[in-house]
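Structural description and commentary
Okay, here's what each chain looks like letter by letter:
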Amino acid sequence: MASFSQGGGVLKKRSKTEGTRLKVGLGACGIAAGAMNVFEEARKTVEENDLPIRVERTGCIGMCHHEPLVEIEEKDGGRILLGEMTPEKIAPIIAQYMENGHIDPDNIVAGTDYITENDPFFSKQYRIVLSNCGTINPESIDEYRETGGYEGLARAIREIDPDEIIREVLDSGLRGRGGAGFPTGLKWKFTKQAAGSPKYVVCNADEGDPGAFMDRSTLEGDPHSVIEGMTIAAYAIGASDGYIYVRAEYPLAVSRLKTAIRQANEAGLLGEHILESDFSFDIRIKEGAGAFVCGEETALLASIEGERGLPRLRPPFPATKGLWGKPTNINNVETYASVSRIIQNGASWYSGFGTEKSKGTKVFALAGKIRKGGLIEVPMGITLKEIIYDIGGGIKEGKRFKAVQMGGPSGGCIPESLLDTTIDYDSVTKTGAIMGSGGMVVMDEETCMVEVARFFLEFTQNESCGKCTFCRIGTKRMLEILERITNGLGREDDIERLETLAQSVKSGSLCGLGQTAPNPVLTTLRYFRDEYEAHIKEKRCPAKQCRGLISYRILPEECVGCGVCLKNCPVDAIRGEKKQVHEIDPKKCIKCGICLDSCRFGAVEVR
Amino acid sequence: MDTVNIVIDGVDIETGADKTILEAALDHGIYIPHLCYHKDLDPVGICRLCMVEIDGRRLDVSCKTPVREGMRVRTETEEITKIRRVAVELLLANHPTDCLSCSGNTKCELQRIASYIGIDDRRMKSLRRKTVTLPIDTSNPYFDYDPNRCVLCGICVRTCADVVGVSNFDFAYRGYDSLISTFMGKPMIESRCVSCGECVARCPVGALRPKAVPQPAREVRTVCPYCGVGCGIWLGVRGETVIASRGDPDNVVNKGRLCVKGRFGHEFINHPDRLTAPLIKKNGNFEKASWDEALDLVAARFAKCKPDEFAALSSAKCTNEDNYIVQKFTRAVMGTNTVDHCARLCHAPSVAGLAQSFGSGAMTNSIGEIRNADCIFAIGTNTTSAHPVIAYEVKEAVRRGAVLIVANPRRIDLCEYAQIVLHHVPGTDVALLMAMMKVIVDEDLQDDRFIEKRCENFEAFFESLERFDLEFAQKTTGVPKELICEAARSYATRKPGMLLYAMGITQHTHGTDNVLATSNIALLTGNVGLPSTGVNPLRGQNNVQGACDLGALPNVYPGYQKVDRPQIHTKFEEAWGTKLSDKPGITHTEIFDAIHDKTVKVLYEVGENPALSEANANHVYAALEKLDFFVVQDIFLTETARYADVVLPAASFAEKDGTFTNTERRVQRVRKAINPVGDSKPDWLITCLIAKRMKKHGFDFDNPSQIMEEIASLTPSYGGITYKRLDDRGLQWPCPNTDSEGTPMLHSEFFATVTGKGKFMPLQYKPSYELPDEEYPLILTTERSLYHFHTATMTRKGGLEVLRKCELVEMNPKDAGTLGLKNGETVRVVSRRGEVNATLLVTDISPVGVVSMTFHFAESPTNVLTSDAIDPVAKIPETKVCAVRVERP
């Protein structure tokens, strides 16, 4: 049990309790896994039997690999996490627990009084931004306030001069969590100093990287922390209007934000005369239509203005000329959520975490071929290895680690040799990847790195706004080359051609999207050049993934003629009599891999 | 202006501190490849070709980077060359290479960059992509859009948004599929496009290209013949034909910009319908005649005519020189002052009203000042349709942060750009403006210092304000009180404020009062005599200002010198060496009454078409049939000309020298581009030939320059105007002597009134003459289409006819619902004076209870319906308000 408190707050016992509570993780992820049914069933059970236990909803608890998750908060503050819950399981568990306090250990994935194999998942984390996420009811402003929420804002408005707030944020060392890592306090200072009024505070919640769900989880799990951070920013820079630009594909986040904004308004924490001061601030929600480029700040502002989401040339930066040409401070979700905690607990508390140049913690969405994927928050300075092997529990199915992709389509792939890299802005940038907003996709030996590069290029090409030449046409040409290579039609000079194009697109593009679009190609070329060469020169895909380069064959010595592959083949490419060796017709085969997956005798081979 | 010193490629350059690196380089003859930069537009830095190295460190786009003292710039390094080469190759890889047959050939920026970078043929081949062929949009009569040639520089997008203010295009789709598209990808003809061709003129490749591609053999610099804005144009000539027109970038009025008529509406010049020989009506039919025969006939008939039996209608479309000669002919040869022209039907109240309050009836300020105003109050002007290039300036002012107040019964285009929109009932302008003034006074927002120092008659005016309380104003105008207050406060506080108006103010039986109301409000707020202020009547025709200036009016000689003032009378008798009448003549509207009364028997009509343009047209038709002798001088056989006994073929603006005076009093040179078509002759020459056949002296001019010399000698405000001085640029009157550089702004120190003070005028609200009743329940108001001009004699000769085919009766959906009428059906519009059939357009641009029609279409002659009740002072008929009913024919 000791292991839970080491991490500084994850699954700590609660000091103050109000009787037994059962909380169901109802982030979009949990709901997708079936948590809503669990929630309804639990509530029904409790109501029908009139049990002295409160059934509540909470945000993402973080352990995606055990969804749906349910937490039981015991009378004494002890906490038990139940994984893979179903409506069928939950009723008897409640009944038994209420009867004798016992829970079948098979259902427990972690707990303050239990030792489980998931303990390292928590012990290496430190939750600041996510401290409420998965523990409080995101639709209750009271629960947020019970954890100290809005105390920072109250302190700011009542006790601190706006300039001092900016100094405190500067002193905390907080850098923009959207990816670029620009010092937040400095941005605020520029916006405050810029001439023009009104000024705006904008929250970039247009999370678009494939595999990223940090901001969604934060908004779904702790929306007030973002609102509080924005309000503090507005107070500091002298803004009266705020916008949260959030993807329309995040309906739950939108609805929880709306609830939170309404509650904050009702509580006098938002709107006219906040906390009876002269300071007024309103927040509006602008739902984005799902263009990736709208995560780029100038495109985002254009989109709020009702224009097509096209990036604008910087300078001028939004701090001087942003929304409707007025000074605008734009930060992402995690940055604002961090601000709430910083003002609540002080700059020196925050800067006590992390490294010299990268302070605090960072939230990551850990995904891919990892055993324990999930939403995690770690102190800066932790190594990649610790994240992947200690928190993430290593690679699925005992396969070999190949690379970790950080920073989404703008980021890069970091190979095994660099797993000792520490998580901080500068070290990550050195690898050719970027910190990004926190997407972390783990790849194993079966991942083709050329295909990974192709995938991301296809993504950026589809999402390029089409305005500047390099991003519009350059990424298309790069994609064509990568498609050629993965189809086995690569040419000798393709690598050189790719590098030339990549360099030009990187230095020639107008906005961050284009400037970083070649990163996945450049890092894979840097660390996995041999895979490219194998595709081009040997017409071979080492990961056996590229359909243009592989073929399927049935090993006669292993085949027992069971007919399963024949039955499952979608294109009737397999022939063979019962109990006789089967054969694949390469002309018909579409290389879908169903035969490989369905064969129980290991008789299908990929070459 | 501040300058800075920078070094570009080792060359020391001194340049304006507000320049970008690219501008500084181009100004000094250093080429930096660029595709998305255009000097008229804000830079966006999207083509990425103009990258330079700054201070040996960073690369940045030169189009967007401002110069800084001591900056060192290199336009070419190994890295830059590499990036540029890749960019150009990327663009060329899927760009058509049929340069020789592309209309962009020779002026294509992509071509220029490719040749600058140097493109390797072998490498090109390896780069070539099989291009997807997208359909070419050929729907517009004047230009095509070929997306296959587009390089997505966005110049058209920015031009349409920022220059024209229409925003018809934007980028559509994403990534490689990106293209420039109209809203919902509609064909150009169905889009919001106004066909001005500004995008076509700026497209750096051959993507937006004119349908007519031939290059001119030579170009002649002149002035657009359409509205009163007076845009400078270059006419392109090939052989004896005018084939193109483009904006003159050096002309301060339009700065190279044009509207659809100015750019494409030159088709009439060489149109086969042009009159090429004199016609004499024999037994009811026109027969071609020789000039000798025609002139002899005209001279003989005119010679027999008594002074009071003669009337001349001159032309606001003709040059100053033409007008001067017509009025001189009327006065000196025919012995009468009865010469007038169509200003009577448009801005007579401006001349009469502003003469009373300011002492001078013209725009007080200049077009170029509009963009710097902080408030623009546009009342009774559909600027976008009638003065498109001035509308560009209004939109530019809005872009720069000005507040725009639009007062108009209809939801005109400018309403989209306005912060305050007042939809008042037609004819209630005095109530609206006086109520605004009452708010200003009640809230103590008037400019007391200005009123005290520069104005007179305030007390009388102040008393008359009492009646215009907000309740009355809201009831009368239909505009909510709050909006009236808001507009009043904005105009009074957001200075400088510029008031623009057009015929929505003047064409009323109380038109002069309306004008006086506008001058009152400008005086009250001190918005006169300073840059970007003033009262600015937008004149309708290319030379309506000049025709007034040159005395084609029955009461004044050139320069508004009164015919009944003895010393003036003597001056002209001496100058012209003949006896002159000191009795003012009768006006345009009165002439037709006089014909009916048989007092006027002979009419000499130069370049006008009253059969379509005069109110109560049936009255005009009847009059024209009663004439003893009727001479029409025109470029086409107009509806009016059909009534003539003799038709004399005139040369168009493209075939003669002369001057036009635009709405801001700017006298500009009109230059002959081609010889007169057929046997036609310039108007001044025809009139002179008639005079000479009548053995009269004073008409021996070899060219218009000599006429201008005589004008300058007799017209104080034109005293300093000579052709030589007009060579490079126009001059704004008053320009009393050759040392004067003209006067862009009037009344800066003194008003032109006798006392030198601006005069407040007490006003009363007077309803329009004919209001709706049970039998005629709707108000008919008249308007203009962007695509046609006046009676459309010049504009129904080609593509403009495609853009607007026929007369439309615009009606609010509610009224259409009540009447059970459907969009697109033919309806009959009936007034007390006649009836007209036209197509119904159901649109909420038209307010409930009001229908509107143009008067461009001879087959639906709207003026058959309009009322000829006139303003008692200015004698203008009330073509903006009459009562009608609309029914199924």
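Residues numbered from 1 in each chain as written. Chains lettered and ligands numbered in written order. Predicted model: local features only at pLDDT ≥ 70, side-chain atom pairs only at ≥ 80, totals over all residues. Heavy atoms only, no water.

As for the overall build of chain A
Scanning chain A from terminus to terminus reveals 25 helices and 18 strands. Since a compact globule built from 607 residues should have a radius of gyration of about 25 Å, the 26 Å found for chain A is in line with a globular shape. Each of the three principal axes of chain A carries a C-alpha extent, and together these read 85 × 65 × 40 Å. The contacts of chain A with a sequence gap of at least 6 include a subset with a gap of at least 24, amounting to 71%. When the accessible surface of chain A is totalled, it reaches about 22900 Å², and 48% of it is carbon and sulfur. Of the charged side chains in chain A, 76 are positive and 85 negative, and the gap between their average positions amounts to 5 Å. (Helix = DSSP H or I, 4+ residues; strand = E, 2+ residues; numbered from the N terminus. Rg over C-alpha atoms; globule rule 2.2 N^0.38 Å. Contact = heavy atoms within 4.5 Å. Areas by Shrake-Rupley, 256 points an atom, 1.4 Å probe, with all protein chains shown as cover. Lys, Arg positive; Asp, Glu negative; His and termini not counted. Charge placed at Lys NZ, Arg CZ, Asp CG, Glu CD.)

Points about the overall build of chain B
Check the secondary structure of chain B and you find 28 helices and 37 strands. Computed over its C-alpha atoms, the radius of gyration of chain B comes to 29 Å, within 12% of the 29 Å expected for a compact globule of 889 residues. Dimensions of chain B, computed from the C-alpha atoms along their principal axes, are close to 85 × 70 × 65 Å. Of all 889 residues assigned to chain B, the portion counted as buried reaches 63%. A fraction of 72% describes how many contacts in chain B between residues 6 or more apart in sequence connect residues 24 or more apart. (Buried < 20%, exposed > 50% of the residue type's maximum accessible area, 1.4 Å probe, protein only.)

Some words on the sheet that holds strand 26 (residues 629-634) of chain B
The 7 strands are arranged 14-13-27-26-25-15-16 (chain B) in an open sheet whose pairing can be described as mixed. Each end of this open sheet is capped by a strand with a single partner; those strands are strand 14 (285-288) and strand 16 (339-340) of chain B. (Pairing = 2+ DSSP bridges.)

Focus: helix 4 (residues 87-100) of chain A
All names here are of chain A. End to end, helix 4 covers 21 Å across 14 residues, agreeing with the expected 20 Å (1.5 Å per residue, within 8%). Every buried residue belonging to helix 4 is among I90, A91, I93, I94 and Y97, and all of these are buried. Considering only its buried residues, helix 4 is in contact with strand 1 (21-25), helix 3 (35-49), strand 3 (70-73) and strand 4 (79-82). (Expected span 1.5 Å × (residues − 1).)

Details of the domain arrangement of chain A
When the parts come together, some accessible area is lost, and that loss is often what is quoted as the size of the interface. Partitioning chain A into domains gives domain 1 (5-114), domain 2 (141-351), domain 3 (361-444), domain 4 (449-537) and domain 5 (551-606). Its C-alpha centre places domain 3 of chain A at a distance of 37 Å from the equivalent point of domain 5 of chain A. (Domains from an automatic or database assignment.)

A look at the sheet that holds strand 28 (residues 658-661) of chain B
Across a sheet, paired strands are connected by hydrogen bonds in the backbone, their directions being either parallel or antiparallel. Residues and elements named next belong to chain B. Across the sheet, which stays open at both edges, the 3 strands sit in the order 28-29-30 with antiparallel pairing between neighbours. The open sheet is flanked by strand 28 and strand 30 (731-732), the only strands paired with a single partner. Packed onto the sheet, helix 9 (residues 320-333) meets strand 28 and strand 29 (666-670) and runs at close to 95 degrees relative to strand 28. (Axes fitted to C-alpha atoms, helices over the stretch in contact; angles between N-to-C directions.)

Description of the side chain of N543 of chain B
Residues and elements named next belong to chain B. For N543, the location among the structural elements is in the loop between strand 22 (535-537) and helix 20 (544-549). A distance of 3.1 Å separates a polar atom in the side chain of N543 from a polar atom in the side chain of N320. A polar side-chain atom of N543 sits 2.6 Å from the main-chain amide nitrogen of T661. Contacts of N543, omitting those with residues within four sequence positions, involve A316, C318, T319, N320, N323, T659, F660 and T661. (Polar contact = N/O pair within 3.5 Å; in protein donor to acceptor, adjacent residues only side chain to side chain.)

Observations concerning the pattern of salt bridges
All names here are of chain A. In this structure the tally under the stated criterion is 105 salt bridges over all chains. Close ionic contact of E531 with K402 constitutes a salt bridge, the shortest N to O distance being 2.6 Å. Here K402 lies in strand 12 (residues 401-406) and E531 lies in helix 23 (residues 529-537), a separation of 129 residues in the sequence. In terms of burial, E531 and K402 fall into one category: buried. Overlapping salt bridges, with partners in common, bring together R21, K23, R54, E56, E73 and E143 in one network. (Salt bridge = Lys/Arg side-chain N within 4 Å of Asp/Glu carboxyl O.)

Structural notes on the pairing of strand 6 (residues 200-205) of chain A
All names here are of chain A. In terms of burial, strand 6 is a largely internal element, 6 of the 6 residues being buried. On strand 6, burial covers both faces: Y200, V202 and N204 on one face and V201, C203 and A205 on the other are all buried. Relative to strand 7 (residues 241-247), strand 6 is paired through 6 bridges, and the arrangement is parallel. Across the sheet, residue N204 finds its bridge partner in strand 7, namely Y245. As judged from the 5 bridges shared by strand 6 and strand 9 (residues 328-332), these two strands associate in the parallel manner. When the bridges of strand 9 are listed, V201 appears paired with N329.

Quick word on the packing of aromatic side chains
Taken as a whole and assessed by the stated rule, the structure comprises 40 aromatic pairs over all chains. Ring geometry for Y324 of chain B and W576 of chain B: centres 6.2 Å apart, planes at 80 degrees, overall edge-to-face. Pair noted here: Y324 of chain B is in helix 9 and W576 of chain B is in helix 21 (residues 566-576), with a separation of 252 residues, a long-range link. Joined through ring pairs, the aromatic side chains of F302, F310, F329, Y604, F629 and F699 of chain B make up one cluster. Above the face of the Y250 of chain A ring, R247 of chain A is positioned so that its terminal group lies 5.5 Å from the ring centre. (Phe/Tyr/Trp six-rings, centres within 6.5 Å; stacked < 30°, edge-to-face > 60°. Lys NZ or Arg CZ within 6 Å of the ring centre and 35° of its normal.)

Side note on the interface of chain B and chain A
Contact residues are listed per partner, giving 29 residues for chain B and 32 residues for chain A. Across the chain B to chain A interface the summed buried area is about 2600 Å²; carbon plus sulfur atoms make up 59%. The largest contributions to the chain B side of the interface with chain A come from L90, R174 and Y176 of chain B, which together make up 29% of the buried area. Linking chain B with chain A are 0 salt bridges, by the criterion used here. Across the chain B-chain A interface, the total number found is 11 residue pairs in polar contact (both at pLDDT 80 or more). Secondary structure elements with two or more residues in the side of chain B that touches chain A: helix 2 (78-93) and strand 7 (169-172) of chain B. Top element by residues in the side of chain B that touches chain A is helix 2 of chain B. It accounts for 8 residues. (Buried area = accessible area lost by both parts, 1.4 Å probe.)

So, helix 16 (residues 384-391) of chain A
All names here are of chain A. For helix 16, every residue scored as buried is listed here: L384, I387, I388 and I391. All buried residues of helix 16 project into a common sector of 120 degrees when viewed along the axis, lining one side. Looking at the buried residues of helix 16, the elements they touch are helix 5 (119-123), strand 10 (361-368), strand 11 (374-379), strand 12, strand 13 (412-415) and strand 14 (439-444). (Arc of directions from axis to C-beta.)

Comments concerning the nonpolar core
Here is a general trend for soluble globular proteins: nonpolar side chains tend to be buried in one another's company. One finds Y532 of chain A together with L208, F302, F329, L404 and I690 of chain B to be the most contacted residues of the largest nonpolar core, which totals 228 residues. Per-element accounting of this core gives the leading share, 8 residues, to helix 19 (residues 469-486) of chain A. Sequence-distant contacts of F302 of chain B, defined by excluding residues within four places in its chain, comprise F310, F329, M334, V602, Y604, F629, V631, I690 and M694 of chain B. Among the nonpolar cores identified, the runner-up in size contains 65 residues, and Y126, I157, M230 and F281 of chain A belong to it. (Core = buried A, V, L, I, M, F, W, Y, C linked by side-chain atoms within 4.5 Å.)

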